Amino acid sequence: MADLANYLYRALYLLGLAIAPRVLSPDPATPASAAVALLIGVVGLGGVLAAAFWLKKELASREASIAAGLIWVSVAAAVGAAIYFTGPEAPLARGAAPLAIVVWPTLAATAAALAGRYMGANFKHKRTGAAALFIAGGIFVHADGAKNMGDRAFMWKTALDREPAHERAYREVVRKLVSQGKLDEASKRTDACLAVNPSACECLTAKITTPRSGATRGTRRWRQARRRRRSARRARPCAQRTPRRWPRQASWTRPSRRPTRRWR
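Residues numbered from 1 in each chain as written. Predicted model: local features only at pLDDT ≥ 70, side-chain atom pairs only at ≥ 80, totals over all residues. Heavy atoms only, no water.

Colleague: How should I be thinking about the packing of helix α2 (residues 34-59) against helix α3 (residues 62-84) in this particular structure?
Modeller: Packed helix pairs are specified by the crossing angle of their axes together with the interaxial distance, meaning the distance between the axes. Axis separation between α2 and α3 bottoms out at 8 Å; the angle between their running directions is 165 degrees. In terms of orientation, α2 and α3 fall into the roughly antiparallel class. Regarding α2 and α3, the two cross each other, and that crossing is left-handed. The residues of α3 that touch α2, namely those facing L45, V48, L49, A52, L55, K56 and L59, are A64, S65, A67, A68, I71, W72, V75 and V79. Here the residues of the contact of α2 with α3 sort into 13 nonpolar, one polar and one charged. (Axes fitted to C-alpha atoms, helices over the stretch in contact; angles between N-to-C directions. Helix = DSSP H or I, 4+ residues; strand = E, 2+ residues; numbered from the N terminus. Parallel < 35°, antiparallel > 145°, perpendicular 65-115°, else oblique. Left-handed = near helix turned anticlockwise from the far one by under 90°. Contact = heavy atoms within 4.5 Å. Nonpolar A, V, L, I, M, F, W, Y, C, P; charged D, E, K, R; others polar.)

Okay, here's the thing in structure tokens:
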């Protein structure tokens, strides 16, 4: 249920990224409630498919049939891309450029169908002009954002700037900052995350375990950071504690002592 809601929500968001990649965040933070995410995904994608059905039925033209078919293909491609670009292949914006190959021709076909129906007879080449306008717009939009769409580190940083409590983006960014020794910046990211969502487990864990600047080995700060890391391992705020499994002891019996024979 939660996975389905996540995929549908991200598929709807990916359609928006294919149209406006620089306006939206490179990777969305899925709502905490799976029911809300599922409702948004079903209503949004269902509305797009219903619009395709209306377009084909209302206009009843060849351009409308082509546009309706492309809309269905775009939704199916968005769902498949959302499944693929979730997990190790994230962020989601990596799938915006491939999906745009389908989405922008779909918009062009829809514009051509609407222009043929609602624009007057005085306009020459109205279908071709409307389609060419949308194709040119798609090329301009993705050419403008292509310089940063392949840099995963930049996309994660942008996603965290827009949503400070995005736990996956927080983990990717702060892990790199700590490895580079930028502890002050990592601490600022943690404080911003907890200010938005005080119960974010990734941020709580980092707040406990990340050493502060100047914590060299053997100093007082280093010992305090080590104690915090040990207490965090016991608390484990990001996961439910499971009962500890003790190693199975091998059966051991005390060796019997044979009575010594006494010679008379």
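Colleague: Just checking my understanding: could you explain α3 for this structure?
Modeller: Each α-helix winds once per 3.6 residues, and so residues spaced three or four apart point in a common direction. Between its first and last C-alpha, α3 extends 33 Å over 23 residues, near the 33 Å set by a 1.5 Å rise per residue. Along α3, the residues classified as buried are A64, A67, A68, I71, S74, V75, A78, A81 and A82. (Expected span 1.5 Å × (residues − 1). Buried < 20%, exposed > 50% of the residue type's maximum accessible area, 1.4 Å probe, protein only.)

Colleague: Sorry, what's going on with the packing of helix α7 (residues 167-179) against helix α8 (residues 183-196) here?
Modeller: Following both chains from N to C, one finds α7 and α8 inclined at 155 degrees, their axes separated by 8 Å at the closest point. Of the possible angle classes, the one that applies to α7 and α8 is roughly antiparallel. By crossing handedness, the relation of α7 to α8 is classed as left-handed. Across the interface between the two elements, Y170, V173, V174, L177 and V178 from α7 touch L183, E185, A186, R189, T190 and C193 from α8.

Colleague: Please clarify how unusual backbone geometry should be interpreted in this entry.
Modeller: Trans peptide bonds make up most of the peptide bonds, and negative phi angles are found at most residues other than glycine. With an omega of 15 degrees, the peptide bond running from A90 to P91 counts as cis. Relative to the elements of secondary structure, P91 occurs in the loop between α3 and α4 (96-118).

Colleague: Just checking my understanding: could you explain a nonpolar patch on the surface for this structure?
Modeller: A cluster of nonpolar side chains, contributed by W54, L114 and Y118, occupies part of the molecular surface with about 320 Å² of accessible area. Among the structural elements, L114 can be located in helix α4. (Patch = residues over 30% accessible without salt bridge, like charges linked within 9 Å, V, L, I, M, F, W, Y side chains within 5 Å. Areas by Shrake-Rupley, 256 points an atom, 1.4 Å probe, with all protein chains shown as cover. Salt bridge = Lys/Arg side-chain N within 4 Å of Asp/Glu carboxyl O.)

Colleague: Is there a simple way to think about the packing of aromatic side chains in this case?
Modeller: Within a pair of aromatic rings, the relevant descriptors are the distance that separates the centres and the angle that separates the planes. Evaluation of the coordinates by the stated rule reveals one aromatic pair. A ring pair is formed by Y84 and F85, whose centres lie 4.9 Å apart and whose planes are at 90 degrees; its orientation type is edge-to-face. You can call F85 buried: its relative accessible area is 11%. (Phe/Tyr/Trp six-rings, centres within 6.5 Å; stacked < 30°, edge-to-face > 60°.)

Colleague: Would you mind showing me how to read α7 here?
Modeller: Across its 13 residues, α7 extends 18 Å between first and last C-alpha, which sits within 8% of the 18 Å expected from 1.5 Å per residue. Burial in α7 covers these residues: A169, Y170, V173, V174 and L177. Taken down its axis, α7 places every buried residue within 105 degrees of arc, on the same side. For α7, the exposed residues set more than 90 degrees away from the buried face come down to R175 and S179. Within two residues after α7, G181 carries a phi angle of roughly 80 degrees, on the positive side. (Arc of directions from axis to C-beta.)

Colleague: When you look at the nonpolar core in this model, what are you seeing that I'm missing?
Modeller: As a rule of thumb, soluble globular proteins bury nonpolar side chains together. Counting 25 residues, the largest nonpolar core has L14, L15, L17, L45, L92 and L99 as the members making the most contacts within it. Those elements that provide at least two residues to this core are α1 (2-19), α2, α3 and α4. Broken down by element, the residue count for this core peaks at nine residues, all from α1. When residues no more than four places from it in sequence are discounted, the contact partners of L15 are L45, S74, A78, L99 and V103. With 15 residues, the next largest nonpolar core counts L160, A169, V173 and A186 among its residues. (Core = buried A, V, L, I, M, F, W, Y, C linked by side-chain atoms within 4.5 Å.)

Colleague: I keep staring at the side chain of N6 and nothing clicks. Help me out?
Modeller: One can find N6 in helix α1. Sequence-distant contacts of N6, that is, excluding residues within four places in its chain, are made with T30 and T86.

Colleague: Would you mind going over the environment of A78 with me for this structure?
Modeller: Structurally, the position occupied by A78 is in helix α3. Taking the relative accessible area as the measure of exposure, A78 reaches 0% and is therefore buried. Along the sequence, A78 and A11 sit 67 residues apart, while their C-alpha atoms lie 5.0 Å from each other. If we skip the residues at most four places from it in the chain, A78 touches A11, L14, L15 and L99.

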